[in-house]
Amino acid sequence: MNVLNFVNAFFGDSAHWHGYDGIPRRLLEHVRYSLLALVLAAAVGLPVGLLTGHTGRGGNALALIATAARALPSFGLLVLMFVLLDFGLLPVMIPLVVLAVPPILVTTYEAVRSVDPSPVDAARGMGMHEPRILLRVELPVALPLILSGLRSAAVQIVSTATIAAYVSLGGLGRYIVDGLYQRDYEKVVGGATLVAALALVTLAVFWAAGRFAVSPGVRRR
């Protein structure tokens, strides 16, 4: 039985579309975990990246922190948090946020630093205050690269949020973990397909956000 047959059998089984273990419920759980982790990571990474990018200070420290955070194994961190904090959503959120902060932080910093200094200097010459320069001059130009960092973080979160199933939470990882335990490879392949499809949808959402939020003049650069 090949992979396509597994996929057809999984999605063709009406039992997988209803009830506690149904696809709609597991998909909603996965999206909820992913959105929460992305919001928390953005709340940390965006302000720090914008501030350090605007001032030009702390770039080396950011690179060091990002490298250290990327070196941490998400599953190992999950196990450690589970041992320390027991069951719950917090042990899952910590490794997901740690995974997502570095791309947001570093990309935001680099995006602001790459803005042409000429309009920034002109804004200062007109007497514009620093927060206004950041928000009105630098941010619109840096937005495409900032969105790329958020997109990268979101895809990583969606792919890695399957680890929630290892500490008895839900999400699409439930199909993969339970399927491996039960030797039900139809369920494993179905769960993996759903995760991959959700990652593609995430890419499409950020593409649409870029088309909507980024000024046409900046997009054409």
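Parameters at a glance
Residues numbered from 1 in each chain as written. Predicted model: local features only at pLDDT ≥ 70, side-chain atom pairs only at ≥ 80, totals over all residues. Heavy atoms only, no water. Helix = DSSP H or I, 4+ residues; strand = E, 2+ residues; numbered from the N terminus. Buried < 20%, exposed > 50% of the residue type's maximum accessible area, 1.4 Å probe, protein only. Contact = heavy atoms within 4.5 Å. Lys, Arg positive; Asp, Glu negative; His and termini not counted. Charge placed at Lys NZ, Arg CZ, Asp CG, Glu CD. Axes fitted to C-alpha atoms, helices over the stretch in contact; angles between N-to-C directions. Parallel < 35°, antiparallel > 145°, perpendicular 65-115°, else oblique. Nonpolar A, V, L, I, M, F, W, Y, C, P; charged D, E, K, R; others polar. Core = buried A, V, L, I, M, F, W, Y, C linked by side-chain atoms within 4.5 Å.

Enquirer: Quick question: what am I supposed to make of the overall build of the chain here?
Expert: In terms of helices and strands, the chain carries ten helices and zero strands. Taken from N to C terminus, the helices and strands of the chain fall in the order α-α-α-α-α-α-α-α-α-α. Along the three orthogonal principal directions, the C-alpha set of the chain runs to about 65 × 40 × 25 Å. Out of the 221 residues belonging to the chain, those deemed buried represent 43%. Sequence separation of 24 or more characterises 75% of the internal contacts of the chain that already satisfy a separation of 6 or more. Averaged over its 17 positive side-chain charges, the chain has a centre that lies 8 Å from the centre of its 12 negative ones.

Enquirer: Looking at this structure, how should I read the packing of helix α1 (residues 3–12) against helix α9 (residues 185–213)?
Expert: For any two helices packed against each other, the geometry comes down to the angle between their axes and how far apart the axes lie. Put simply, α1 and α9 touch, their axes get as near as 8 Å, and they point 85° apart. Between α1 and α9, the angle is such that the two are roughly perpendicular. Contacts from V3, F6, V7, A9, F10 and F11 in α1 reach Y185, E186, K187, V189, G190, G191, T193 and L194 in α9. Of the residues assigned to the contact of α1 with α9, the class counts are nine nonpolar, three polar and two charged.

Enquirer: Can you help me understand the environment of V195 in this one?
Expert: Along the chain, the position of V195 falls in helix α9. The exposure class assigned to V195 is buried, which follows from its relative accessible area of 9%. If we skip the residues at most four places from it in the chain, V195 touches H30, V158, S159, T162 and L172.

Enquirer: What should I look at first to understand the nonpolar core in this one?
Expert: Proteins that are soluble and globular tend to have nonpolar side chains buried together. Residues L38, V92, I104 and L150 are the most contacted members of the largest nonpolar core, which totals 40 residues. Breaking this core down by element, the ones donating at least two residues are α2 (23–55), α5 (90–113), α6 (117–125) and α7 (130–160). For L38, the contacting residues outside a window of four places in its chain are I104, L150, A153, A154, I157 and F206. Listed in part, the nine residues of the second largest apolar core include F10, L172, V195 and L198.

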